[in-house]
Amino acid sequence: MTQPTFIPLDFTEYPPDEMQRRAEAFYAELSRRRTVREFSDRPVPRALIETCLLAAGSAPNGANLQPWHFVAVAAPAIKRQIRAAAEAEEREFYSGRAPQEWIDALAPLGTDPNKPFLEIAPWLIVIFGQSYGLLPDGRKVKHYYVQESVGIATGMLITALHHAGLATLTHTPNPMGFLNDLLGRPANERPFLILVAGYPAADARVPTHALNKKPLNEIATFI
Ligand code: IYR
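From a predicted model like this one, the values you see are computed outputs, not experimental measurements.

Participant: What am I meant to see in the overall build of the protein here?
Facilitator: Looking only at helices and strands, the protein has eight helices and six strands in total. Starting at the N terminus, the α and β elements of the protein follow one another as α-α-β-α-α-α-β-β-β-α-β-α-β-α. With respect to the principal axes defined by its C-alpha atoms, the protein has extents near 55 × 50 × 40 Å. Buried residues in the protein amount to 33% of all 223 residues. Across the protein, the fraction of contacts at a sequence separation of at least 24, relative to all contacts at a separation of at least 6, is 80%. If you sum the accessible surface of the protein, you get close to 14400 Å²; carbon and sulfur atoms cover 57% of it. The positive charge centre, built from 22 side chains, and the negative charge centre, built from 23, are 3 Å apart in the protein.

Participant: Honestly, the site of the ligand in this entry has me stumped. Any pointers?
Facilitator: Every residue close to the ligand is listed here: Glu 90, Phe 93, Tyr 94, Trp 102, Leu 106, Thr 111, Asp 112, Lys 115, His 171 and Thr 172. One of the side-chain N or O atoms of Glu 90 is found 3.0 Å from a nitrogen atom in the ligand. One of the side-chain N or O atoms of His 171 is found 3.3 Å from an oxygen atom in the ligand. Summarising the interface, the protein chains cover 71% of the accessible area of the ligand, which totals 370 Å² for the free molecule. Those elements giving two or more residues to the shell around the ligand turn out to be α3 (76-97) and α4 (100-106). With three residues, α3 is the single largest residue contributor to the shell around the ligand. Broken down by class, the residue content of the shell around the ligand amounts to four nonpolar, three polar and three charged.

Participant: Explain unusual backbone geometry to me, please; I cannot follow it from the model alone.
Facilitator: Each neighbour pair has its own omega, and for Asn 174 with Pro 175 the value is 0°, a cis peptide bond. One non-glycine residue, Ala 63, adopts positive backbone phi at about 55°. Residue position: Ala 63 is located in the loop between α2 (46-56) and β1 (68-73). Residue Gln 66 is not a glycine yet carries a positive backbone phi of 50°. Its location among the elements puts Gln 66 in the loop between α2 and β1.

Participant: Could you clarify how one ought to interpret the pairing of strand β5 (residues 167-171) in this entry?
Facilitator: Side chains on a regular strand alternate between the two faces of the sheet. With respect to burial, β5 is a largely interior element, four of its five residues being buried. Relative to strand β6 (residues 189-198), β5 runs antiparallel, the two being bridged by five bridges. Across the sheet, Ala 167 pairs through a bridge with Gly 198, a residue of β6.

Participant: Before we go on, may I ask you to explain the packing of aromatic side chains in this structure?
Facilitator: A full pass over the atoms with the stated rule returns two aromatic pairs. Aromatic pair Phe 93 and Tyr 94: ring centres 5.1 Å apart, planes at 80°, arrangement edge-to-face. Plain terms: the ring middles of Phe 93 and Trp 102 are 4.8 Å apart, the flat faces sit at 90° to each other, and that makes the pair edge-to-face. Joined through ring pairs, the aromatic side chains of Phe 93, Tyr 94 and Trp 102 make up one cluster. Over the aromatic face of Tyr 14 sits the side chain of Arg 22, whose NZ or CZ is 4.0 Å from the ring centroid. Sitting over the ring of Tyr 132, Lys 140 keeps its end group 4.7 Å from the ring centre.

Participant: What is the right way to read the packing of helix α1 (residues 16-30) against helix α6 (residues 146-164) from this model?
Facilitator: Pairs of packed helices are described in terms of their axes, by the angle between the two and the distance that separates them. Where α1 contacts α6, the axes come no closer than 10 Å and their chain directions differ by 90°. It follows that α1 is roughly perpendicular to α6 by the angle criterion. Contacts between α1 and α6 involve Phe 26, Glu 29 and Leu 30 from the first element and Thr 159, His 162 and His 163 from the second.

What counts, and where the lines are drawn
Residues numbered from 1 in each chain as written. Predicted model: local features only at pLDDT ≥ 70, side-chain atom pairs only at ≥ 80, totals over all residues. Heavy atoms only, no water. Helix = DSSP H or I, 4+ residues; strand = E, 2+ residues; numbered from the N terminus. Buried < 20%, exposed > 50% of the residue type's maximum accessible area, 1.4 Å probe, protein only. Contact = heavy atoms within 4.5 Å. Areas by Shrake-Rupley, 256 points an atom, 1.4 Å probe, with all protein chains shown as cover. Lys, Arg positive; Asp, Glu negative; His and termini not counted. Charge placed at Lys NZ, Arg CZ, Asp CG, Glu CD. Near = heavy atom within 4 Å. Polar contact = N/O pair within 3.5 Å; in protein donor to acceptor, adjacent residues only side chain to side chain. Nonpolar A, V, L, I, M, F, W, Y, C, P; charged D, E, K, R; others polar. Pairing = 2+ DSSP bridges. Phe/Tyr/Trp six-rings, centres within 6.5 Å; stacked < 30°, edge-to-face > 60°. Lys NZ or Arg CZ within 6 Å of the ring centre and 35° of its normal. Axes fitted to C-alpha atoms, helices over the stretch in contact; angles between N-to-C directions. Parallel < 35°, antiparallel > 145°, perpendicular 65-115°, else oblique.

The structure is reproduced here in structure tokens:
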């Protein structure tokens, strides 16, 4: 059993009024994030994506086993293959696989099986969750709270990319198993989602439906 070791916490305390100001400024910035479906093909430097991935990798997670892997795809040929495979699944989804209730819920977003952004956007960050890790000798290491951990890391990645000045789209073709084959990822990894990242198209629009956010008294209870 490994004995724990400790170092002093590096923590910055702010005066209460500054805490409130920081919280409001951060809320103002985060609430301007929009999910974008119309991207520009303008290139985005790899270094920016790398830094945002390091931010995501700092997420809290089960037993600090960091049960995630991010595949950042810029290669046009691979993006084309991902688009073709995703659109094949989406055509099935929209033409019968999805129950009518689901189709109705999506109607205000105006989505359809065509996913040109998968080729146009400069980066597709494919996020995998690892149900177990592999030691160099091949032994398996069980991972804990994989969905929670990867979900938190993904939220932090979206936040980091938005803060850096990029638009994103969380895209979840259903099912996504084809991503293991296309990206050569091992059997211990399951695709979580595709995060499309880049500049928005000059004429990008967003559905008005996306602006309806529940008020605080609906999303929170104080007791
Ligand atoms: N994966 C499909 C359908 C879809 C599902 C949900 I839930 C959304 O919030 C948006 C879309 C698609 O990408 O069109």
